[in-house]
Amino acid sequence: MAAVTLAVWGVLVVLLLAPSFLPVAWHYYIYSPASVGLWLLAMFISPFVACAVKWEWIRRGGTRRF
C-alpha cells in the first residue's frame, strides 16, 4: 500500500509542477487557491481510492497471475 500511495503522490506532485513551464501570466489561474485546495484534497483522498482499486493486486503481493 505504501508503494501505491507513493506512486499516487508522485504523480500528483508532477502534475502540480508541470504548469510551471507555462507562461508566468497563467500561473495565477493555474495556482489559484481553489486549484491548490483541490490538489491538497486529492493528496489525501487519492491514495485511498487507488488502494481500493488495486486491492486485489496489493493483497497478492504485487504479483501478476495468469
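Criteria and thresholds
Residues numbered from 1 in each chain as written. Predicted model: local features only at pLDDT ≥ 70, side-chain atom pairs only at ≥ 80, totals over all residues. Heavy atoms only, no water. Helix = DSSP H or I, 4+ residues; strand = E, 2+ residues; numbered from the N terminus. Expected span 1.5 Å × (residues − 1). Bend = angle between axes of the 7 residues up to and from the residue. Contact = heavy atoms within 4.5 Å. Salt bridge = Lys/Arg side-chain N within 4 Å of Asp/Glu carboxyl O. Buried < 20%, exposed > 50% of the residue type's maximum accessible area, 1.4 Å probe, protein only. pLDDT = per-residue confidence, 0-100.

Let us look at helix H3 (residues 33-53). For H3, with 21 residues, the first-to-last C-alpha span of 29 Å sits near the 30 Å given by 1.5 Å per residue. Considering bend angle alone, the principal kink of H3 is centred on isoleucine 45 and spans about 40°; proline proline 47 follows within four residues of it. Each element contacted by the buried residues of H3 is listed here: helix H1 (2-17) and helix H4 (55-59).

To continue, consider the pattern of salt bridges. All chains considered together, the criterion is met by one salt bridge. The shortest N-O distance in the salt bridge between glutamate 56 and arginine 59 comes to 2.6 Å. Of this pair, glutamate 56 and arginine 59 are both found in helix H4, three residues apart, which corresponds to roughly one turn of the helix. The class of arginine 59 is exposed, set by a relative accessible area of 55%.

As a further point, take the confidence of the model for the protein chain. When pLDDT is averaged across the protein chain, the result is 85; 95% of the residues are at 70 or more. Mean pLDDT values for the elements of the protein chain range from 84 in helix H2 (residues 24-30) up to 88 in H3.

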